[in-house]
Amino acid sequence: THTQTHTLQHMQTLHQTAIVLSDPAAICCCRDLTLHSVLRLCMSRASATFARTLTLVAFCCHVVAMAATMTAITQPGGPGGPESLVLGTVPKPVATGDEVLIKIHTTGINRADTLQRKGAYPPPPGASTILGLECTGVIEALGPDAKRFSVGERVMALLGGGGYAEYINVSEAHVMHIPKDYTFVQAAAITETWITAFQLLQLGQTEAGNHVLVHAAGSSVGVAAIQLATKLYGAKVIATAGTQEKLDSAQKLGAIAGFNRKEPWAGKVLEATEGKGIDVVLDCVGGSYVAQNSQVLAMEARWVLYGLMGGPKTDELILRNVLKKRASLIGTTLRTRSHAYKANLITEFEKQALPHFDSGEFSVLISNVLPLTKAGEAHAIMESNANLGKIVLEAIPAKDEL
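Below, the structure is looked at part by part. Worth saying up front: this structure is predicted, and the values here are computed from it rather than measured. (Residues numbered from 1 in each chain as written. Predicted model: local features only at pLDDT ≥ 70, side-chain atom pairs only at ≥ 80, totals over all residues. Heavy atoms only, no water.)

## Some remarks on the side chain of Asn-260
Looking at where Asn-260 falls in the secondary structure, it is placed in strand E10 (residues 257-260). Within the local environment of Asn-260, its side chain forms a polar contact with the backbone nitrogen of Lys-262, the two atoms lying 2.8 Å apart. (Helix = DSSP H or I, 4+ residues; strand = E, 2+ residues; numbered from the N terminus. Polar contact = N/O pair within 3.5 Å; in protein donor to acceptor, adjacent residues only side chain to side chain.)

## With respect to empty space enclosed by the protein
Counted by the stated rule, this structure contains one cavity of 30 Å³ or more. Taken as a whole, the largest cavity encloses approximately 40 Å³ of empty space. Sorting the residues of the lining of the largest cavity by element identifies helix H7 (191-203) and helix H8 (220-232) as the ones contributing at least two each. A breakdown of the residues in the lining of the largest cavity according to their chemical character gives five nonpolar, three polar and one charged. (1 Å grid on protein atoms, 1.4 Å probe; cavity = no way out; pocket = protein on both sides within 12 Å on 5 of 7 lines; lining within 4 Å. Points joined across faces, edges and corners; volume = space filled by probe spheres on them. Nonpolar A, V, L, I, M, F, W, Y, C, P; charged D, E, K, R; others polar.)

## Here we look at the pattern of salt bridges
By the definition in use, this model includes seven salt bridges. A salt bridge links Lys-92 to Glu-140; the shortest N-O distance between them is 3.4 Å. With Lys-92 in the loop between strand E2 (86-91) and strand E3 (99-108) and Glu-140 in strand E4 (residues 134-142), the pair connects residues that are 48 residues apart, well separated along the chain. When its relative accessible area of 22% is taken as the criterion, Lys-92 is described as partly exposed. Notably, a salt bridge pairs Glu-350 with Arg-148, separated by 3.4 Å at the nearest N-O pair. With Glu-350 in helix H13 (residues 339-352) and Arg-148 in the loop between E4 and strand E5 (154-158), this pair connects stretches of sequence that are 202 residues apart. Taking relative accessible area as the criterion, Arg-148 reaches 41% and is therefore assigned partly exposed. (Salt bridge = Lys/Arg side-chain N within 4 Å of Asp/Glu carboxyl O. Buried < 20%, exposed > 50% of the residue type's maximum accessible area, 1.4 Å probe, protein only.)

## Quick look at the nonpolar core
Ranked by internal contacts, the top residues of the largest apolar core, which has 69 residues, are Trp-194, Leu-282, Phe-349 and Phe-357. Counting residues per element, this core draws most heavily on H8, at seven residues. Phe-349 has contacts with Met-176, Ile-190, Trp-194, Ile-195, Phe-198, Leu-354 and Phe-357, leaving out every residue within four places of it along the chain. Met-70, Val-90, Ile-391 and Leu-393 belong to the second largest nonpolar core, which has 21 residues in total. (Core = buried A, V, L, I, M, F, W, Y, C linked by side-chain atoms within 4.5 Å. Contact = heavy atoms within 4.5 Å.)

## Describing the layout of surface pockets
Within this model, the largest pocket holds a volume of roughly 1100 Å³. Lining the largest pocket are 42 residues, and of these Arg-111, Cys-284, Tyr-306, Gly-307 and Met-309 lie nearest its centre. Among the secondary structure elements, those contributing two or more residues to the lining of the largest pocket are helix H5 (111-117), H7, H8, strand E9 (236-241) and helix H15 (375-383). For the lining of the largest pocket, the leading source of residues is H7, giving five residues. Across the lining of the largest pocket, the residue classes break down as 19 nonpolar, 16 polar and seven charged. Approximately 510 Å³ is the volume attributed to the second largest pocket. As for the second largest pocket, its lining consists of 27 residues, of which Gly-126, Ala-127, Ser-128, Gly-160 and Asn-169 are closest to the centre. Within the residue set of the lining of the second largest pocket, elements represented by two or more residues are strand E6 (167-171) and H13. At five residues, E6 tops the list of elements feeding residues into the lining of the second largest pocket.

## With respect to unusual backbone geometry
The backbone phi angle of Gln-205 is positive, close to 50 degrees, even though this residue is not glycine. Summarising the element assignment, Gln-205 is placed in the loop between H7 and strand E8 (211-214). A relative accessible area of 52% means that Gln-205 is categorised as exposed. The phi dihedral of Glu-274 is positive, around 60 degrees, even though this residue is not glycine. As for its position among the elements, Glu-274 is in the loop between helix H10 (266-272) and strand E11 (278-283).

Purely geometric numbers; function is a separate question.
What follows is the structure, given as structure tokens:
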């Protein structure tokens, strides 16, 4: 009958709305609708008999759609320059298993972010495609198996990706408490860079009295490595950097000497070690530094390569020096390490290094603080090598912190 047909049509409309409510993809599609347009769509398809019901369903649909999305930095046009980074809307993550959901306050800029932006450093399988390898914030929700933290706690986290956003879900094993007197901005300078530096010194089997050569001493990893090497391991640091300001900063942090990378430095480094050479090289440059690095190696030195800012190729014959000095050349990246490896590294960092932030023995250097919307500008600063210390993006301005 006409009534049965009319009723069936309304039931189909309700069913379609229910699909939107239950399907994340459909929610993403409808997130740009205004509440007015949703209501108008439903009212146009319903008689007065069903209007109130459909209005309620439409309202719920809109609320769920809004709650299920968040803002994040995206690249709608694909890889490109800093201008390719724009604010967009993406699905909001959910905490499952042992994960916690963090409402992000700040995230730090890392060199790897600029490489990923260019399409040269894709995220590992299963990681968020959104940029950002670390964050600070407040725990908003817990997965069913999360036990270490409580909702409302201030935390910082090591991420495989996803830091340039409003929210992130991450295993609680990769999360730490923020040092008691640190702001979210200060804490943004800790996680990725300090854990990277901690790992490099471990791989280099650093010991008290070792001479450690830290390249890019003005970078956030360099700032961390100098302090960890000198204060945690009792090593002697020699630094290289591109400006006198950065070299002065390195010596204030504990380096015994510093040399400008734009001038030949190998001879000066050997002189600073009284001819003994370098026991541990922390090398983020690669190609253009290979020859001089090989010249300064001590017997049984450990050369830890963690970046290729100077390119991946070299015409220099270094194997003779490596063989002669019985040196070890170790390559490493942190992002692609296993979940368990990173969890164990974080646990060791919490035990050995984190207390030194609370005591004031370790400190961070903040170069620039910008809003999340200016991620492109932050990348441009990093790529110009103008920063001394960490570049931080704020998802929530400091004045609005809890």
